[in-house]
Amino acid sequence: MKHLIKSIMVAGAVLLASCASQPSLQEYYVDNSENPNFLSIDVPASILKMDEVDLTPTQKEAIESLRKFNLLAFKKDADNEAEYEIEKKKVSEILKGDDFVELMKINSKYGKGVIKYLGDEDAIDEVIIYGDSKDKGFALVRVLGKNMNPAHIVQLMQAIQKSDYKGEGLGEIGDFLKG
């Protein structure tokens, strides 16, 4: 009987430990949307104003698979350097999760970043773009859509470059993302 009780207690402890896992990216967005060090905005994909742009059929398909963007940026300054390091580490831990598949790494004069996705290879539901600059802070962009195709990500970037979109409607976070 003692062995049965011990076994049940051990199983319960393991179950509780597994429930106290890493927060999701969605939870991270919600938890920090009111934090004064963060800039947060949710925008529909229509903000890109792609209706008037001459697009290839593949680019049109890529644009039509988009629903909205969630943007969250940590604006670093001299007063919040310690919190910046803590938050950067939290995001890195979340993005290390097994659910995220790395699409590409970014290394530019503005900083380093990564593009990852959630979903199946041929039907992506969410693309995550993370970029970090030692001087300015970091930004997380969740691109939410339906059945997005990884091969269309490059097409999507090319389509956005063809457009006249300059960050209108993004307010302060648009200025942050421009550098």
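The notes below deal with the structure included here. (Residues numbered from 1 in each chain as written. Predicted model: local features only at pLDDT ≥ 70, side-chain atom pairs only at ≥ 80, totals over all residues. Heavy atoms only, no water.)

Some details on the packing of aromatic side chains
Moving on, step 1. Summed over the entire model, instances satisfying the criterion amount to seven aromatic pairs.
Moving on, step 2. Between Y28 and F38, the aromatic rings sit 6.1 Å apart at their centres with planes inclined by 80°, giving edge-to-face as the arrangement. Taken together, the residues Y28 in helix α2 (residues 25–32) and F38 in strand β1 (residues 38–44) connect sequence positions ten residues apart. The exposure classification of Y28 matches that of F38, with both residues buried.
Moving on, step 3. Seen from their ring centres, F74 and F138 are 5.7 Å apart, and the 15° between their planes marks the pair as stacked. Linking F74 in strand β2 (residues 66–75) with F138 in strand β6 (residues 137–148), this pair joins segments that are 64 residues apart in sequence. (Phe/Tyr/Trp six-rings, centres within 6.5 Å; stacked < 30°, edge-to-face > 60°. Helix = DSSP H or I, 4+ residues; strand = E, 2+ residues; numbered from the N terminus. Buried < 20%, exposed > 50% of the residue type's maximum accessible area, 1.4 Å probe, protein only.)

Describing the nonpolar core
Moving on, step 1. Residues L66, F69, V127 and V143 are the most contacted members of the largest nonpolar core, which totals 21 residues.
Moving on, step 2. Counting residues per element, the ones that place at least two in this core are β1, α3 (57–64), β2, β4 (111–120), β5 (123–133) and β6.
Moving on, step 3. Counting residues in each nonpolar core, the second largest holds 17 residues, with Y29, F74, V91 and F100 among its members. (Core = buried A, V, L, I, M, F, W, Y, C linked by side-chain atoms within 4.5 Å.)

Description of the sheet that holds β5
In sheet architecture, strand pairing relies on hydrogen bonds along the backbone and comes in two forms, parallel and antiparallel.
Moving on, step 1. Read across the sheet, six strands follow the order β1-β2-β6-β5-β4-β3 without closing on themselves; strand pairing throughout is antiparallel. Sheet topology places β1 and β3 (101–108) at the edges, where each strand pairs with a single neighbour. For this sheet, the mean angle separating the axes of adjacent strands, direction not counted, is 10°.
Moving on, step 2. Pairing of β5 with β6 involves nine bridges; the strand directions are antiparallel. Each bridged residue has a counterpart across the sheet, and for G131 the counterpart in β6 is A139.
Moving on, step 3. Sheet strands in contact with α2 are β1, β2, β5 and β6, and its direction is about 130° off that of β6. (Pairing = 2+ DSSP bridges. Axes fitted to C-alpha atoms, helices over the stretch in contact; angles between N-to-C directions. Contact = heavy atoms within 4.5 Å.)

As for the environment of L118
Moving on, step 1. Among the structural elements, L118 can be located in strand β4.
Moving on, step 2. Residues L118 and I128, spaced ten residues apart in sequence, show a C-alpha to C-alpha distance of 8.1 Å.
Moving on, step 3. Those residues within four positions of L118 in sequence are excluded, and the remaining contacts are D99, F100, I124, D125, E126 and I128.

What to know about a negative patch on the surface
Moving on, step 1. On the surface, D77, D79, E81 and E85 cluster together into a patch of negative charge.
Moving on, step 2. Relative accessible area serves as the criterion here: at 43%, E85 is assigned to the partly exposed category. (Patch = residues over 30% accessible without salt bridge, like charges linked within 9 Å, V, L, I, M, F, W, Y side chains within 5 Å. Areas by Shrake-Rupley, 256 points an atom, 1.4 Å probe, with all protein chains shown as cover. Salt bridge = Lys/Arg side-chain N within 4 Å of Asp/Glu carboxyl O. Lys, Arg positive; Asp, Glu negative; His and termini not counted. Charge placed at Lys NZ, Arg CZ, Asp CG, Glu CD.)

Points about the pairing of β6
Moving on, step 1. Counting buried residues in β6 gives ten out of twelve residues, a clear majority hidden from the surface.
Moving on, step 2. What sits between the antiparallel neighbours β5 and β6 is a turn of three residues.

This is a description of form; function is not addressed.
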